[in-house]
Amino acid sequence: MLIDGPVEIELDDGSVVTSDRFVVALCTCKRSKTYPLCDTSHRAKRRAAQSSDD
């Protein structure tokens, strides 16, 4: 989810996450290592193409 920044987010445990960017990506899938900010962990991993020289 993209929102206009800068933002200050208070989490359930009382800690605060801040970002001074113009647009902030929030994680909605909870896979992010930087939750509540998105780190694109939701994207599918792509395998390298196999060589046709085999």
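Please refer to the structure placed before this passage.
The rules behind these values
For every chain, the first residue of its written sequence is number 1, and the numbers climb from 1 along that sequence. Per-residue local features are limited, in this predicted model, to residues with pLDDT of at least 70; the limit for side-chain atom pairs, both in listing and counting, is 80 or more; totals at the level of whole chains, interfaces and linings are taken over all residues. With hydrogens and water stripped out, all remaining heavy atoms of the structure feed into the side-chain values. Cysteine sulfur atoms that pair up within 2.5 Å are treated as a disulfide. Burial here depends on accessible area, computed with a 1.4 Å probe over protein chains only, as a share of the maximum for the residue type. Under 20% is buried, over 50% is exposed, and the range in between is partly exposed. Like-charged residues within 9 Å of one another, or nonpolar side chains (Val, Leu, Ile, Met, Phe, Trp, Tyr) within 5 Å, are grouped into patches, provided each residue has over 30% relative accessible area and no salt bridge. Areas reported here follow the Shrake-Rupley algorithm with a probe of radius 1.4 Å; residue values treat only the protein chains shown as occluding. Salt bridges, as used here, are contacts in which a Lys or Arg side-chain nitrogen is within 4 Å of a carboxyl oxygen on Asp or Glu. Charge counting treats Lys and Arg as positive and Asp and Glu as negative, with His and both chain ends excluded. We put the charge of a Lys on NZ, of an Arg on CZ, of an Asp on CG and of a Glu on CD. In DSSP terms, a helix is any run of H or I states spanning at least four residues, a strand is any run of E spanning at least two, and both are numbered starting from the N terminus. Here a residue-residue contact requires only that any non-hydrogen atoms of the pair lie within 4.5 Å. For two strands to be treated as a pair, DSSP must find no fewer than two bridges joining them.

> I tried to follow the state of the cysteines on my own but got confused; where do I start?
By definition, a disulfide is the covalent link that joins the sulfur atoms of two cysteine residues. Within the structure shown, the criterion is met by zero disulfides. Free of any disulfide, Cys-27 has its nearest cysteine sulfur in Cys-29, 3.8 Å distant. The class for Cys-29 is partly exposed, based on a relative accessible area of 33%.

> Teacher, can you tell me more about a negative patch on the surface here?
Together, Glu-8, Glu-10, Asp-12 and Asp-13 make up a region of like negative charge exposed at the surface. Counting through the fold element by element, Glu-8 comes out in strand E2 (residues 7-10). By relative accessible area, Glu-8 is classed as exposed at 64%.

> What am I meant to see in the environment of Gly-5 here?
Positionally, Gly-5 belongs in the loop between strand E1 (2-4) and E2. Separated by 20 residues in sequence, Gly-5 and Ala-25 have C-alpha atoms that sit 9.4 Å apart. Ignoring sequence-local partners within four residues, the contact set of Gly-5 consists of Arg-21, Phe-22, Val-23 and Val-24.

> When you look at the pairing of E2 in this model, what are you seeing that I'm missing?
Side-chain direction in a regular strand flips from residue to residue, so the side chains alternate between the two faces of the sheet. The side-chain alternation of E2 yields one buried face, formed by Val-7 and Ile-9, and one unburied face, formed by Glu-8 and Glu-10. As paired strands, E2 and strand E3 (residues 16-19) are joined by four bridges and run antiparallel to one another. Across the sheet, residue Glu-10 finds its bridge partner in E3, namely Val-16. From the end of E2 to the start of E3, which pair antiparallel, there are five residues, and Gly-14 there has a positive phi angle of about 95°.

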